[in-house]
Amino acid sequence: MTGTDFLALSPIIALAVGASVLLLQIAFLRNLKLTTGITVVTFLACLFFLFYITKLNHQTTPLLLVDPLSTFFSIVFVLCACITTFISYEYLKNRPGRNDEFFLLVVLATMGSIVLTYATHLASFILGLELMGIALYGLIAYPHQDDMSLEAAIKYLVLSGASSAALLFGFALLYAITGSLFFPDLLSGLASPEVAVGPQSPFWARQLILLGSALILAGISFKLSLAPFHMWTPDVYEGSPAPITGFLATISKGAVFAATLRLYVIGEFHNFPTIVTGLTILSIISILVGNLLALRQENIKRLLAYSSIAHFGYLLIALIAAGTLTPNGISAIEPSAYYLAGYIFTTLIATGLIAAISSSNNEENANLSDIAGLFWKNPLLALCLSVSLLSLAGIPLTAGFIGKLYIFQMGVEAGAWLLLSILIIGSGIGIYYYLRLIFSMTTDPSSSRSTLAPALPVTVSLITLTILVLYLGIYPQPLMEYLLWNT
Amino acid sequence: MENLPLVPLIPFVSAALLIATAGRLPKMVVGLLGAGSIAAAGLLVLNIGIEFLRDPTPMSIHLWTWISINEFKPAFAFYLDGLALVMMSVITGVGFLIHLYSTEFMQDDASFSRYFAYMNLFVSAMLILVLADNLLLMFLGWEGVGICSYLLVGFWYQDPANGAAARKAFIVTRIGDTSMALGLFLLVAELGTLNILEVAEIAKERWEVGATIPTIACALILGGGLGKSAQLPLQTWLPDAMAGPTPCSALIHAATMVTAGVYLVARNHELFMMSPLVMSAISIIGVATLLLAAFTALNQHDLKKILAYSTISQIGYMFLALGVGAYSAAIFHLMTHAFFKALLFLGAGAVIHCLHHEHDIFKMGGLRKKLPVVFWSFLIGSSALAALPFTSGWYSKDEILLATWSVPTLGPWLWAGGIAGAVLTAIYSFRLVFVVFWGEAKTIPDKQPGLRMSAPLIILCVFSIVGGLINMPLEQVFPSQTNAHAAGPVAWITMTIAIVGVLVSYLLYLRQQINVEPILNKPALKKLRYFWYSGWAMDALYDRLLVRPYKLTASLLKTELIDRFYNLIVESSVASHRALSITQNGKLRTYAINLVVGIALLAAFLTGIV
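Model, not experiment: these values are computed from the prediction.

**Re the overall build of chain A**
Assigned secondary structure in chain A consists of 19 helices and two strands. For chain A, the C-alpha radius of gyration of 22 Å lies close to 23 Å, the compact-globule estimate for 487 residues. Considering only C-alpha atoms, chain A reaches an extent of 70 × 55 × 45 Å along its principal axes. Each of the 487 residues in chain A was classed as buried or not, and the buried ones make up 66%.

Here it is in structure tokens:
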């Protein structure tokens, strides 16, 4: 290990140190405020290191590659984790029982997301994924007196376990043929089946690699909740504590997508038409199913779950179109990274507000009626939520619009007309249920009993995110350039 | 000159502050912010102007690239040259005087803060419009002034009539703006850029003069100018727009926004020169509009409507000048018009302010002694409007008419139209002065304009007289005009024709020596006068031609037919939603089976079994 290695790993080390300190602190002194403070300091330290290494491009051990793009993703995730901490504190401070370990799990899950983002090796991939996953099981089940939350955690545990099994089996098949777990080597056997190790004939080698790819694709699709692997999403989102719904919808999915993006581009999956066709089918079903299921949904958490299914369907279009545009598939990175960042910020506003509403109502779920009249009660936060919903719907002047425009343009250049028409239909349906939420905020406030007055850090975080979403929507150039320069 | 971006920024920040505080600031502070921000912008312009005149090289300031998709990279960049400087000076100079005047005029209004927020936002948008170095940014300013105009016309929104006027102004200009947007799309598609300098350059390389595509592009862009500047056939909105507060009419609907169309053509004159057909159309539209509006102004009796029609008519002169290639004459008239028309509007505002909101000129009279400052303002303003010798309007109108005469073939005809318009202008502007300020007093003013209203009037009086002597730095912007001045009699007629009009007006309205009442009341003439009064019945025509068929179609379609198709989409979406919702039954077994089936199908598909 050289100094550069340590520098490259410094964000992960910062989180690990923070987690240890948290463990010790909880063992000796239980104090929610102190725990929150240490967590925030940990995240800030991690952010500091991340900003320090933005220009670094370094392979440290075969497992992790630190490059500007993954550092960018990590910054987004840690920032969101920090905001999640503020929201969680609001949520936890009035709950009965001991709540300190919550933050420990948040730190561990965030660490998992960074490992996942930096992974260039299937071992680090699965390590990051499970580090994040296991922390999340605990977080989902955290309010353990609550039946809903336990049910959600068990559902997630069983199904996620099954999908991880599929993923691992896929890895094993690839390893059996190519003898490597390193991303660039994975599909080398497919390009030239005769170099495959082992006794198989080229035909069987090819078939096994494709079967392995299918299993990996299925496993990843589950984590990204792409249809038809989406069914767990609404139930788990609904049952989770509201801040964790936000974590699941943003950081957890974002990290899996970031890792998938790297696997896809470095592993050159885009060169294989059957895999691309498979992705196309997943994308089409996800867009349609996600949007249609959200259509008349009253529960906002479930609605956001369905909408996230559709959004990851849109995101796949960038991956599908990439292969036809550039031989190395690198054109997938800029639009999908932009879209992902915009989506994460946008969704965090919405889930943050839901968390704030459920904290003040002392109830897990926010329905359409709970935000009725929000414009009259708390115009500032209602404005934030409106911006977030408009961004999700892809209305101009928001990050969501630029992201969609980007993806749309890629689709046009690649001539993916079927996908584009599905994208248009999906967006059209989407506008209905997003606007429905905004309309409900303007209705007569007397019908809802909720009051909404979150603490200052939460309000400030939500407003900051809103400004970020508007900024990315009005002036996208700096981030576009950053992404372009670093790919 | 690096502080050029601050010029639109200062009013914008002030508008943002006023909007954010939503009327919670004391009136004193609002007034200081509102008028002070324009004063600060004006001083900056003065500073920039002095620097620019010392070293008159055009410069552009690139702030940032807005978005960059392949070759299309519209910038947020400002371009400073003589034309932009003239426009900026008019906007901030006249704008400041009007803001100062407003602090007193609007004193008792409950929405004092809202008024200044809109006005400052307007000034900011107008400055962006004239400073933009590309047509996209200009379009941002263009739409910005449009929305401010809408907000200010409907400022007293409690009265539904004002709301209707605001909507009319918005919708009619929107028709022009749509045409302009189409023109811009065509430019992007054909030339790949919207930068004004690049457009002119590439257009010259790629197109031939008089070819079809430049003609279509220019005609579409001109559509935007016609809407904004209230020229035929989109002139109907301006008289209704007088529903707004009078100082805002002075700023937006007289001095600045309505002349944006003139600026648009002048700024893109190299593009427009690619299409002689459109240029001729501009001059013919100009003459037709100026005559039509002058006839209408002659028959109005609402003080502000007379001024509104006279504005349409004077912008007609500017379009005439543009059409014959006399760009600097057009901008010259734009500037002098801004002085004397702002003066007249502010004077009218003072009259209305002091006479319990009376608008009808036949219910006024004899105000010469009662409101001396206003009287002198009106006298000077009307003289300049009528282009009496040695007033500012005389210099600019003279230039326009002489340039028109020297145009081959069409020239003399257009000139004759312009001269006829000049006579009419003199008649109606002095009709206004004689009726309102002489004769017997019918309404007694209950107050006098204070200092903040009188000072702007006096300053504008000075500019209306000496404004014709200002030497504009436009030599580098426009091609130099070679056409020499016309020969003896034509020049003499052009210079003195206005006096004839004043004399006619004197005889008809002050001395009343010729009794025209019996002639005017003959049925045929009465009908004609009513026809003119209604603005050549354009509103009724559009109502029959466009509004009613549109409403009829809408009401036919409202019931069924096309809706059925859309309802089908809705119903099928809801049905699929229901069907899919059944699958989300919350049972782990179902989900697990679904997962396994999904994996199996994916594996089968990828390995080629299915």
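**Details of the overall build of chain B**
Across its full length, chain B carries 26 helices and two strands. Since a compact globule built from 610 residues should have a radius of gyration of about 25 Å, the 28 Å found for chain B is in line with a globular shape. Reported as C-alpha extents along the three principal axes, the dimensions of chain B are approximately 105 × 55 × 55 Å. In chain B, buried positions account for 55% of the 610 residues. Across chain B, every contact between residues at least 6 apart in sequence was considered, and the portion connecting residues at least 24 apart equals 81%. Surface accessibility of chain B: about 25,400 Å² in total, with carbon and sulfur atoms responsible for 68%. Each charge class in chain B can be summarised by its mean position, and for the 37 positive and 33 negative side chains these summaries are 12 Å apart.

**Focus: the domain arrangement of chain B**
Along its sequence, chain B is carved into domain 1 (326-514) and domain 2 (559-607). Domain 1 of chain B and domain 2 of chain B are separated by 72 Å when their C-alpha centres are compared.

**Focus on the environment of I312 of chain B**
All names here are of chain B. For I312, the position within the fold is in helix α14 (residues 303-323). The exposure class of I312 is buried, given its relative accessible area of 0%. Linking I312 and P449, residues 137 residues apart in sequence, is a C-alpha distance of 28 Å. Once you skip the residues sitting within four places of it in the chain, I312 turns out to touch A230, Q231, Q235, L238, P239, T289 and A293.

**Quick look at the environment of L348 of chain A**
Residues and elements named next belong to chain A. As for its position among the elements, L348 is in helix α13 (residues 333-361). Judged by its relative accessible area of 2%, L348 is buried. A C-alpha to C-alpha distance of 9.3 Å links L348 and I251, two positions 97 residues apart in sequence.

**Focus on the confidence of the model for chain A**
Overall, the predicted model of chain A reaches an average pLDDT of 89, with 96% of residues at or above 70. The least confident element of chain A, judged by mean pLDDT, is helix α7 (residues 188-191) of chain A at 66; the most confident is helix α4 (residues 101-118) of chain A at 95.

**A closer look at the nonpolar core**
Residues F73, F125 and Y156 of chain A are the most contacted members of the largest nonpolar core, which totals 192 residues. When neighbours within four sequence positions are excluded, F73 of chain A is seen to be in contact with T117, A258, L261, A337 and L340 of chain A. Membership of the second largest hydrophobic core comes to 190 residues, among which are C248, V265, I352 and M472 of chain B.

**Points about unusual backbone geometry**
In this chain, A227 of chain A is followed by P228 of chain A through a cis amide linkage whose omega measures 5°. Among the structural elements, P228 of chain A can be located in the loop between α8 (202-223) and α9 (232-239). The omega angle of the peptide bond from L232 of chain B to P233 of chain B is -5°, so this bond is cis rather than trans. In this fold, P233 of chain B is placed in the loop between α8 (212-228) and α9 (237-240). Non-glycine residue F390 of chain B carries a positive phi angle of around 70°. With respect to the helices and strands, F390 of chain B occurs in the loop between α17 (372-386) and α18 (392-405).

**Focus on the pattern of salt bridges**
Residues and elements named next belong to chain A. Applying the stated criterion across every chain yields a total of 15 salt bridges over all chains. Between R262 and D67 there is a salt bridge, and its shortest N-O distance comes to 3.1 Å. A residue pair is termed long-range when its members are at least 10 positions apart, and R262 in helix α10 (residues 242-266) and D67 in the loop between β2 (64-66) and α3 (68-92) qualify at 195 residues. Looking at R262, the relative accessible area reads 8%, which means it is buried. Salt-bridge contacts for D235 lead to K155; the nearest nitrogen and oxygen are separated by 2.8 Å.

**With respect to the interface of chain B and chain A**
Where interface size is given, it is often the accessible area lost as the parts come together that is meant. Opposite the 28 residues of chain B that make contact, chain A presents 45 residues. Both faces combined, the contact of chain B with chain A buries some 3,100 Å², and carbon together with sulfur accounts for 74% of it. At the junction of chain B and chain A, the tally comes to zero salt bridges. Taken together, the connections running from chain B to chain A amount to eight residue pairs in polar contact (both at pLDDT 80 or more). In terms of residues, the side of chain B that touches chain A owes the most to one element, helix α26 (residues 588-606) of chain B, which gives eleven residues.

**Regarding helix α2 (residues 32-52) of chain A**
Residue pairs spaced three or four apart in an α-helix point in one direction, given the helix's 3.6 residues per turn. Residue and element names in this part refer to chain A. Helix length check: α2, at 21 residues, gives a terminal C-alpha distance of 30 Å against a target of 30 Å (1.5 Å per residue), a fit within 8%. Within α2 the residues assigned to the buried category are L32, T35, T36, I38, T39, V40, T42, F43, C46, L47 and L50. Close packing links the buried residues of α2 with α1 (3-28), α3 and α4. The N-capping residue of α2, defined by a side-chain oxygen 2.9 Å from the backbone nitrogen of K33, is N31.

**Considerations on the pairing of strand β2 (residues 75-80) of chain B**
Residues and elements named next belong to chain B. Burial analysis of β2 places six of its six residues in the buried class, which makes it a mostly covered element. With burial as the criterion, each face of β2 is covered, one bearing A75, A77 and Y79 and the other bearing F76, F78 and L80. The pairing of strand β1 (residues 59-65) with β2 spans six bridges and is classified as antiparallel. Across the sheet, S60 pairs through a bridge with Y79, a residue of β2.

**Observations concerning the packing of aromatic side chains**
Evaluation of the coordinates by the stated rule reveals 42 aromatic pairs over all chains. Among the aromatic residues, those joined into a cluster by ring pairs are F375, W376, F378, F430, F434, F437, W438 and Y506 of chain B. Between the NZ or CZ atom of R95 of chain A and the centre of the ring of Y91 of chain A, over which it lies, the distance is 4.0 Å. For the cation-ring pair, R114 of chain B lies above F155 of chain B, with the distance from its terminal atom to the ring centre recorded as 4.3 Å.

**Topic: the packing of helix α6 (residues 147-178) of chain A against α9 of chain A**
All names here are of chain A. At a closest axis distance of 8 Å, the pairing of α6 and α9 adopts a crossing angle of 140°. Read as a crossing pair, α6 and α9 show a hand that is left-handed. Seen from α6, the contacting residues are M148, S149, A152, K155, Y156 and L159; seen from α9, they are W232, D235, V236, E238 and G239. Grouping the amino acids of the contact of α6 with α9 by side-chain chemistry returns six nonpolar, two polar and three charged.

**Details of the packing of α3 of chain A against α10 of chain A**
All names here are of chain A. Two numbers describe how α3 lies on α10: the axes approach to 9 Å, and their chain directions differ by 170°. Classified by the interaxial angle, the pair formed by α3 and α10 is roughly antiparallel. Judged by residue contacts, S70, F73, F77, C80, A81, T84, I87, S88 and Y91 of α3 engage A242, P243, F247, I251, G254, A255, A258, L261 and R262 from α10. Across the contact of α3 with α10, the residue classes break down as 13 nonpolar, four polar and one charged.

**Re the state of the cysteines**
Residues and elements named next belong to chain B. For the structure shown, the criterion picks out zero disulfides over all chains. Distance from the sulfur of C248, which forms no disulfide, to the nearest cysteine sulfur (C148) is 10 Å. The class of C248 is buried, set by a relative accessible area of 0%.

**Quick look at a nonpolar patch on the surface**
Residues and elements named next belong to chain B. Together, L552, L556, L557, L561, I562, F565, Y566 and I569 give the surface a local cluster of nonpolar side chains, amounting to about 810 Å² of exposed area. With four residues, the top contributor of residues to the nonpolar patch is helix α25 (residues 562-583). Within the fold, I569 resides in helix α25.

**A word on the side chain of H311 of chain A**
Residues and elements named next belong to chain A. Take H311: it is sitting in helix α12 (residues 300-325). Residue classification places H311 among the buried residues on the basis of a relative accessible area of 3%. At 2.8 Å, the side chain of H311 and the side chain of Y339 are in polar contact. Ignoring anything within four residues of it in the chain, the contact list for H311 reads Y339, Y343, L392 and Y434.

**Looking at the side chain of T117 of chain A**
Residue and element names in this part refer to chain A. Along the chain, T117 turns up in helix α4. Given the relative accessible area of 2%, T117 is considered buried. Those residues within four positions of T117 in sequence are excluded, and the remaining contacts are S70, F73, S74, F77, A255, A258 and R262.

Reading the values: rules and limits
Residues numbered from 1 in each chain as written. Chains lettered and ligands numbered in written order. Predicted model: local features only at pLDDT ≥ 70, side-chain atom pairs only at ≥ 80, totals over all residues. Heavy atoms only, no water. Helix = DSSP H or I, 4+ residues; strand = E, 2+ residues; numbered from the N terminus. Rg over C-alpha atoms; globule rule 2.2 N^0.38 Å. Buried < 20%, exposed > 50% of the residue type's maximum accessible area, 1.4 Å probe, protein only. Contact = heavy atoms within 4.5 Å. Areas by Shrake-Rupley, 256 points an atom, 1.4 Å probe, with all protein chains shown as cover. Lys, Arg positive; Asp, Glu negative; His and termini not counted. Charge placed at Lys NZ, Arg CZ, Asp CG, Glu CD. Domains from an automatic or database assignment. pLDDT = per-residue confidence, 0-100. Core = buried A, V, L, I, M, F, W, Y, C linked by side-chain atoms within 4.5 Å. Salt bridge = Lys/Arg side-chain N within 4 Å of Asp/Glu carboxyl O. Buried area = accessible area lost by both parts, 1.4 Å probe. Polar contact = N/O pair within 3.5 Å; in protein donor to acceptor, adjacent residues only side chain to side chain. Expected span 1.5 Å × (residues − 1). Pairing = 2+ DSSP bridges. Phe/Tyr/Trp six-rings, centres within 6.5 Å; stacked < 30°, edge-to-face > 60°. Lys NZ or Arg CZ within 6 Å of the ring centre and 35° of its normal. Axes fitted to C-alpha atoms, helices over the stretch in contact; angles between N-to-C directions. Left-handed = near helix turned anticlockwise from the far one by under 90°. Nonpolar A, V, L, I, M, F, W, Y, C, P; charged D, E, K, R; others polar. Parallel < 35°, antiparallel > 145°, perpendicular 65-115°, else oblique. Disulfide = S-S within 2.5 Å. Patch = residues over 30% accessible without salt bridge, like charges linked within 9 Å, V, L, I, M, F, W, Y side chains within 5 Å.

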